[in-house]
Structures are given as structure tokens and as C-alpha cells.
Amino acid sequence: MLRPSTQKYAVNRPLYSEDGFEDEHAKVYRKHKRLLDHVKQYLTCSSERAKKAVVSLVPIIGWIRIYSIKEWLLNDIVSGISTGLVAVLQGLAFSLLASISTWYGLYAAFFPVILYFFLGTSRHISVGSFPVLSLMVGAVVTRLVPDEGPPANITAFEGLTKDEQRILVSSSLTFLVGLFQLGMGLLQVGFIVKYLSDTLISGFTTAAAVHILVSQLKFVLGLTVPGFSGPLAVIYTLESVFTQITSTNIHDLVTSLVVMVMVLGVKEINDRFKSKLPVPIPIEVIMTVIACGVSYAFNFRDNHGVDVVGKIPNTFESPKAPDMQIFQMTAVEAFPIAIVGFAVAFAVAKVYSIKHDYVVDGNQELIAFGASNIFGGSFKSLVASTALSRSAVQESTGGKTQIAGLLSAIIVLVVILGIGFLLEPLPKSVLGAVVMVNLKGMLMQVVTVPYLWKKDRPDCIVWVGTCLAAIFLGLDIGLAIGLGLELLTVVFRAQYPRCSILANISGTDIYRDCKDYVNIYEPEGVKIFRIPSPIFFANIDFFRDKLKDAVGFNPLRILRKRNKALKKIKKLIKKGELTLTSVRPQGLLNKCYHNGLQATCSMPIEESEDESNMEDLDKPTDYSDLPIEVNWNANLPANISVPPVNIHSLVLDFSAVSFLDISALKGLQAALKEFIRIDVDVYIVGCDPYIIEKLRNCKFFDDEIKTSIFFLTIHDAMLYIYESHPPQTVSEKVSGSFQYQHVNGSSMSNGLTIREIPDMKTEVETDTIPETRF
């Protein structure tokens, strides 16, 4: 790679305005499709399109044709067995979060996996229960069927036990979540997940990890703690735990600590030596087997009061239709569950798709998860998504396709129908310990807060706000608040962008913020203003205010001052109180003359503006009744003064402006006219051609604002400005000083003498001034 100092380029091309460029380079005409054209195209059917639609709807058709049995099958078998063992354990553990019987968590690792095998586009995620979703489901379950007190008034609850009522709520909620996801997939709104940023998801999952950690304390400590839901549920749960802390079951506590220490230690070994290990050591499965054996041998349940998993049915229950009353009472919670479940699954799927070079379709993923949850809900399954740790096992053990997921479902099936009874003595404290250990990754996300605070404070506010709101107000409310904060940051960034004044890097055609560089040249009489965002109704006023700050004056105020001053001068001349005389100016060939006369004036007028004539004052300055054209940057007679304008050109850099709405268009038009009417030339550079076309269609251009103000680059505009306003030499600046003369004392004003004579008619004397051409 060459050093920057040795790399140079030279370009020799004409100076281009947008009009000149279009005249020299013909544009390709492209017909814009109407809405009717899009509808016709969408409804048009052909054999090729039908084939693509089938492959898109059933993605297994696409990858099964290229499946390599020799290269992939063995890897999928190993991965499927490993993932299946983890899925069994996590299914049992995560069902505790949902406040339902443990074996229903196994259903989430079987029924949804079957449909996802055919409909899903990701080849590496492991479908099943997810702790955050299980916790959100548990909050709904305990709200409708609390531990203490009567359940909600639902007709379908009649004749059911508390456990059966909770299963009905869980399965109906799962079915409704599936309906939401399927509906969004069919409506092609998979893009909605893009509004959930990584920062928001990180803060939300960290808060969920805190909820999960607190909810598992009762199992680890062997306490009986009622389930709480709604705002401050974490506080109430902790209060209940610490109230009963003296009743801790030592056997549960010791068992949990041993399991957590062993699992954390072996997981660290797996992470450190993952390149050398053929497969990760399944420490959770090993500790579960050991815990089952020890619990059975010493009869923990009867001898020490340890709560165990208990009887696991060796058959599937018959499917059951969801309850419509539960739909009505849980719709508000079901929608965020559907969004979070899809967002987490799609984020994980996207990571693996990039790593293994294939495409994941967001809309098809919504359809796949929607159908899977509808199917699973019919068989009393928990809401399905994906667990990060389980997907990592499936991918790291060599899984190539969803055949590994199908094999993991078969392992779960074997456990349910064949060997589930072996898990009956398993202490629930072991499951709680496994859940807590798997929270490490989510809890460690808190270390990103200092980094975000230093690098991007709005993102840090979103993270902290989402996390705290979700912890104290509940996951559903926290998610809504986090989304609101995120949208506010987007609005804030767009509404208050970092505008800047640009200047030229000496010896180049490069323009940068004048505050950021030392060797930089700011052209005299020119301001280059850049706005790095779209201009729309919310930030057009901010844009205009920043523009006024950049140039150092309010153009509308100066226009009004000039029009008032001009009216006073006309009045003085009409009354005969002012005599104007001009002489031949020297050394000012770039000045403008009218009838051989020139007047210059400036100083603030000491009288208030007449609000009744405000509209007249906002109009362009009218010199028609004067024999002179006034140069407003000099002194005026009769104590008339107007703020000076120290620039002759304004360049607006629109290279970062992606769109303009109608409100912004009107505001921009008004702003440009304010500058043009005080003799400041305005140029717009780097503007998107489609924006220029929109300006044409919206009647933006008129006698004052012309298309000739648009240039391709800043340097094109600057070269044009230098031609129109050549920089003055020192001698020209000295000879260009302005003066005026009264009756009682004379001084010169660009060769023009102004006498103030009371009670006399106005007399104008002129010398012949040769015409100056540029």
C-alpha cells in the first residue's frame, strides 16, 4: 500500500452547474410505475414465479436438494444428539419460569421443531423454549391464575384444577402469539424487527435476566414464594424471599451451589479450549444425571423435603382448542411476546447465516414461527423461539442443517415416551441452578454501559432506560418504554443534527468543518453551510435558526430594516431635505451603478417597526423611485442605519440531505428568498437529482429562485463565485472605504456627496460614469 503522500490525482473538467451538467450529459428516461402497475405485477402468475413462491414458502425444498449425505449427515447426527440433551434439560428448567408443570417445557422442544424443519430459513438455530419468553408467559399465567386467591372469571376454568387452568392459559397464549406472528409474516412486515436495535434488545434481555434470576431464588433456596406480576413484581418477590430466608432448605442450597460451580467451571473450559475439543463437554447433562442419581439414592423428596420434578407422563396429551376469553384478556401481552420471540430468533439466525453464507428471510421466519407456535399451542406447548446457548451447541457441534434440529426433537420424543421416569427424582433446585448459570451471558451485557456512555450517550440512555423500566415496571411495559426512547433518539438525531460551517483545505478541492483543522482557508465573503440529515417538518425551523447563526445575522430583519431605511430616504428626497451628488468613483469597477449614481448607507434605525406594514417590509427592496442604487455596507445620512451584511454568497451543502417534505420545501423557499432579497447569492451543492425533480414538480422555482443555483460540488460553486466576485486586493479594499457628507461638513461616499439641506428641494448632480462590463 502506497503512503498517502505519494498518491495524487489530477482532474481537468469544466465547471458544472446542475443545469450545465444535464445539458451536456443526457439522462436515461425511466418510467415510474404506478400503483396499478405494482398491483398487476404482484398478481401476475407464471410457472417460474410459482416455483419460486413454493420454494420460498417451503425452504426445505431449496436446501434438501443440495444436501451432502457423506459430508453433512454425521455432523448433523452428533449435533442433533448434543442439542437434544440440552433441549430436554432447558425445557424442564424454563417451564419453571412459566409457572407450569415441568414436562410441558419438553413439548416446546418437540412440536414447534417439526414445523420449523419444513418452513424455517435458518439452518442452525435450535427452536424451543427461551427463558425471556417463558418468564413473560409466566407473568400472564400468574395474573390470570394467581398462587393465592381466585382465578380470573373465565368460563373455561370451570371444573379444572389450578395446574390445568394454567396450562390452558399458557397454550392459548402460545396459540395467539403464533397467530400474531403468522399474520405479520403474511402481511410482509418482517421489517418491524429493525426498530428493535441491538442496544434496546441488550437492555431488555439484561432486565429479563434479572427477573429470571429473582424468580429462580425460590427453587435454589427451597422456599415457597407466591408468583407476582405487573409493576414492581421484582421488589415484591425479593421482599417475600428475604422474609422467609431463615426457612432456606440447606440441601437445595448446597446442591444448587455445587451444580453452579461445576457448570460455570466446565463452561469456562469449553470456551477456552473450544478449538481443541471436538464437541463441548455437556456439563449440564452430566450434572443432571448425577443429581438425579444422588436424589434417588438418598430420597431427597421424602427425607429432606426437596421439591423434585415428579411424575412425567409417558404419553402426549390430546390437542385442545384455545379459549377466546383468554385471547381477549391476553392480547396486549401476546403482541410484545410475538415481537420479542421473533426478534431474538431472527438476530441469532442472521449471525449464523452471515457466518455460513446463506440468506435468512425475515418474513418467512415470521410465518415459520407463527405456524410452529400455532401447532405447539394446540398441543399445550410453551411459546417457541430460540435459546442462544442451545443454538450455539447446535452450531458448534457441527450442525449443518435443520436435520440436526429434527434429530434433537427425536431425542426429546424418546425422553417423553421412554425414559422420562428417570428424571422424576431431579430436584427443581438443580433446574434453577442451570437456569441461573445460563444467564451469565445476558447479565454480563451490563459491562457495555460505560462504553456506550463514552461513545454514544443517546444509545446509553436507551439501554439504561429500557433495562430499568423492564426491571421495575415489567417486561411488556419496559419494552414499550424502550421502543419509545429509541424512537425519541432517532427523532432527536434527525431534528437536531450537527450542522457545520465548512472551509477549504488549502491547496485542495476538499472542504471540511472549519473548527476541526488548522491549515484551512475560509473564503472571504462566503459561508459554506452543511446540514447532515434530511430536512422535514420537524427540523426545518432548526435548520433556519442554525443558518442564521452561521452567517451571523437575520436576513429577514435586515430586509425589513433596509425597506424602512429606503422609505425614509425617499421621504427625505421628496420633502427636499436631502441633496444627492455623485462624482466619478475610482478603483471600484466591481460596483453597481444606476443612472450614474451610487449611494451607500448603514447604521441601526432607532425607531420600532410598524407591524401594520410588516408584509410590505418583507417584499424585495424597490429602487424604482430612486436615481441611485444603494450600497448598504456604508454610512447613511439622517441617522439611518442598517446592520451590515458581510457576505455576498451562501453555499448550502445538501450532499447528506436524503429527502425534503412539503413543509420543509416551503420553509427552505422562504429562507432562500430572505437571503436573495438582501443581495446574498445562494447556491445549493451536492443535491440529489430526485430532490431537484421534486422541487420542480412542487413549483419551487420562480423569478427569484432559479435552477441555476444548483451545482454538482462545493468546489464548482466556489469557482463560479470567484468568477462573479473576484477577491479584492489591499489597495481595492482601501479605496473602497465608504463616507458621506452633510451640508455643514463634507466627506466623500464612493465619489458620491450627500448634502442634507432643510426646506429645499432635492437636487441631483452627476458626473458621467463610463459603463463597466464584466
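Reading the values: the criteria
Residues numbered from 1 in each chain as written. Predicted model: local features only at pLDDT ≥ 70, side-chain atom pairs only at ≥ 80, totals over all residues. Heavy atoms only, no water. Helix = DSSP H or I, 4+ residues; strand = E, 2+ residues; numbered from the N terminus. Buried < 20%, exposed > 50% of the residue type's maximum accessible area, 1.4 Å probe, protein only. Contact = heavy atoms within 4.5 Å. Areas by Shrake-Rupley, 256 points an atom, 1.4 Å probe, with all protein chains shown as cover. Phe/Tyr/Trp six-rings, centres within 6.5 Å; stacked < 30°, edge-to-face > 60°. Pairing = 2+ DSSP bridges. Polar contact = N/O pair within 3.5 Å; in protein donor to acceptor, adjacent residues only side chain to side chain. Salt bridge = Lys/Arg side-chain N within 4 Å of Asp/Glu carboxyl O. Patch = residues over 30% accessible without salt bridge, like charges linked within 9 Å, V, L, I, M, F, W, Y side chains within 5 Å. pLDDT = per-residue confidence, 0-100. Expected span 1.5 Å × (residues − 1). Axes fitted to C-alpha atoms, helices over the stretch in contact; angles between N-to-C directions. Parallel < 35°, antiparallel > 145°, perpendicular 65-115°, else oblique. Left-handed = near helix turned anticlockwise from the far one by under 90°. Nonpolar A, V, L, I, M, F, W, Y, C, P; charged D, E, K, R; others polar.

**Quick word on the overall build of the protein**
And step 1. Each helix and strand in the protein was counted, giving 31 helices and 14 strands.
And step 2. Taken over 774 residues, the protein has a buried fraction of 48%.
And step 3. Of the contacts formed within the protein by residues at least 6 apart in sequence, a portion of 82% connects residues at least 24 apart.
And step 4. Taken as a whole, the protein presents about 38900 Å² of accessible surface, with 60% of it coming from carbon and sulfur.

**Some remarks on the packing of aromatic side chains**
And step 1. This structure, assessed with the given rule, holds 30 aromatic pairs.
And step 2. Look at F110 and F111: their rings are 5.1 Å apart centre to centre, the planes differ by 75°, and that puts the pair in the edge-to-face class.
And step 3. Exposure remark for F110: the relative accessible area of 13% places this residue in the buried category.
And step 4. Classification of F111 as buried rests on a relative accessible area of 6%.
And step 5. Centroid distance F175 to F327: 6.1 Å. Interplanar angle 25°. Geometry classified as stacked.

**What to know about the pairing of strand β3 (residues 500–505)**
And step 1. The buried count for β3 comes to 5 of 6 residues, which makes it a mostly enclosed element.
And step 2. Sheet topology places β3 next to strand β6 (residues 526–530); 3 bridges connect them, and they run antiparallel. In the sheet register, S500 faces β6, and the bridge partner there is R530.
And step 3. Taken together, the 3 bridges between β3 and strand β4 (residues 511–513) define a ladder with antiparallel strand orientation. Note that in β4 the partner of A503 across the bridge is R512.
And step 4. Between the end of β3 and the start of β4, which pair antiparallel, lie 5 residues, with G507 showing a positive phi angle near 80°.
And step 5. Judged from the 2 bridges that link them, β3 and strand β5 (residues 520–521) form a sheet pairing that is antiparallel. When the bridges of β5 are listed, N504 appears paired with Y521.

**A closer look at the pairing of β6**
A regular strand places its side chains so that they alternate between the two faces of the sheet.
And step 1. With respect to burial, β6 is a largely interior element, 4 of its 5 residues being buried.
And step 2. With 5 bridges joining them, β6 and strand β10 (residues 649–653) adopt parallel strand pairing. Bridged to V526 within β10 is S649.

**Here we look at the side chain of N373**
And step 1. Position of N373 among the secondary structure elements: in helix α17 (residues 362–378).
And step 2. At a separation of 2.9 Å, a polar atom in the side chain of N373 contacts the side chain of Q181.
And step 3. Sequence-distant contacts of N373, that is, excluding residues within four places in its chain, are made with T174, F175, V177, G178, Q181, L382, V383 and A384.

**Brief notes about the environment of G120**
And step 1. Following the sequence through the fold, G120 ends up in the loop between α7 (111–119) and β1 (127–128).
And step 2. Overall, the relative accessible area of 2% leaves G120 in the buried class.
And step 3. The spacing of G120 and I367 is 247 residues in sequence and 8.2 Å in space, taken between C-alpha atoms.
And step 4. Apart from the residues lying within four places of it in its own chain, the contact partners of G120 are P59, E365 and A368.

**Here's the deal with the pattern of salt bridges**
Where side chains of opposite charge bring their charged atoms close, a pairing between them can arise.
And step 1. Counted according to the given criterion, the structure contains 22 salt bridges.
And step 2. Put simply, R272 and E268 hold a salt bridge, and the shortest N to O gap is 3.6 Å. In this pair, R272 and E268 are both assigned in helix α13 (residues 250–272), 4 residues apart and thus about one turn of the helix distant.
And step 3. Here D302 and R301 are joined by a salt bridge, their closest N and O atoms 3.8 Å apart.
And step 4. Since its relative accessible area comes to 52%, R301 is described here as exposed.
And step 5. The network of salt bridges with common partners includes D19, E22, E693 and R696.

**Points about a nonpolar patch on the surface**
And step 1. Side chains of F228, L232, I235, Y236, L468, F472, L473, I477 and I481 sit close together on the surface and give an oily, nonpolar patch of about 690 Å² of accessible area.
And step 2. Mapped onto the nonpolar patch, the elements with two or more residues apiece are α12 (233–243), α23 (457–473) and α24 (475–495).
And step 3. Of the residues forming the nonpolar patch, the biggest block, 3 residues, is contributed by α23.
And step 4. Mapped onto the secondary structure, Y236 falls in helix α12.

**What to know about the confidence of the model for the protein**
The predicted coordinates of low-pLDDT regions are not to be read in fine detail.
And step 1. Averaged over every residue, the pLDDT of the protein is 83; residues scoring 70 or more account for 87%.
And step 2. Considering only residues more than four positions removed or in separate chains, one finds that residues 583–612, a stretch of pLDDT under 50, has 105 contacts.
And step 3. Segment residues 730–774: pLDDT under 50, and 114 contacts once partners within four positions in sequence are set aside and those in other chains are kept.

**Some details on helix α14 (residues 283–298)**
And step 1. With 16 residues, α14 ought to run about 22 Å at 1.5 Å a step, and its terminal C-alpha atoms sit 22 Å apart, in line with that.
And step 2. Within α14 the residues assigned to the buried category are I283, E284, V285, M287, T288, A291, C292 and S295.
And step 3. Buried residues along α14 sit in contact with α5 (69–97), α13, α15 (300–304) and α20 (428–437).
And step 4. Of the residues one or two after α14, N299 is the one with positive phi, at around 50°.

**Description of the side chain of Q394**
And step 1. Along the polypeptide, Q394 turns up in helix α18 (residues 388–396).
And step 2. Its relative accessible area of 0% is what places Q394 among the buried residues.
And step 3. The contacts of Q394, once residues within four sequence positions are left out, are S79, T83, R123, H124, I125, S126, G399, T401, Q402, A404 and G405.

**Here we look at the packing of helix α10 (residues 198–215) against α23**
And step 1. Direction vectors running N to C along α10 and α23 enclose 30°, while the axes themselves pass 8 Å from each other. Relative to α23, the element α10 is oriented roughly parallel. When you trace α10 past α23, the crossing you get is right-handed. For the pair formed by α10 and α23, the contact residues are T199, L200, S202, G203, F204, T206, A207, V210 and H211 on the first element and D459, V462, W463, T466, C467, A470 and I471 on the second.
And step 2. A class-by-class count of the residues in the contact of α10 with α23 yields 9 nonpolar, 6 polar and 1 charged.

**Some points on unusual backbone geometry**
And step 1. With phi around 60°, Q188 is a residue other than glycine that occupies positive phi space.
And step 2. Inspection of the secondary structure puts Q188 in the loop between α9 (162–186) and α10.
And step 3. Exposure remark for Q188: the relative accessible area of 46% places this residue in the partly exposed category.
And step 4. Positioned with a positive phi, D679 is a non-glycine residue whose angle comes to about 65°.
And step 5. Examined against the element boundaries, D679 turns out to sit in the loop between α28 (662–676) and β11 (681–685).

**Quick look at the packing of α13 against α20**
And step 1. The contact between α13 and α20 brings their axes to 9 Å, and the two run at 35°. As for the relative orientation of α13 and α20, their crossing is right-handed in sense. Touching D252, T255, S256, V259, M260, V263, L264 and K267 of α13 are S429, V430, A433, V434, M436 and V437, all from α20.

**Overview of the environment of Q41**
And step 1. Among the structural elements, Q41 can be located in helix α2 (residues 35–43).
And step 2. For Q41, a relative accessible area of 44% puts it in the partly exposed group.
And step 3. Apart from the residues lying within four places of it in its own chain, the contact partners of Q41 are K33 and R49.

**A word on helix α19 (residues 403–419)**
And step 1. Here α19 spans 23 Å end to end across 17 residues, near enough to the 24 Å set by a 1.5 Å rise per residue.
And step 2. Among the residues of α19, those classed as buried are I403, A404, G405, S408, A409, V412, V415 and I416.
And step 3. Each element contacted by the buried residues of α19 is listed here: α4 (60–64), α5, α6 (104–107), α7 and α18.

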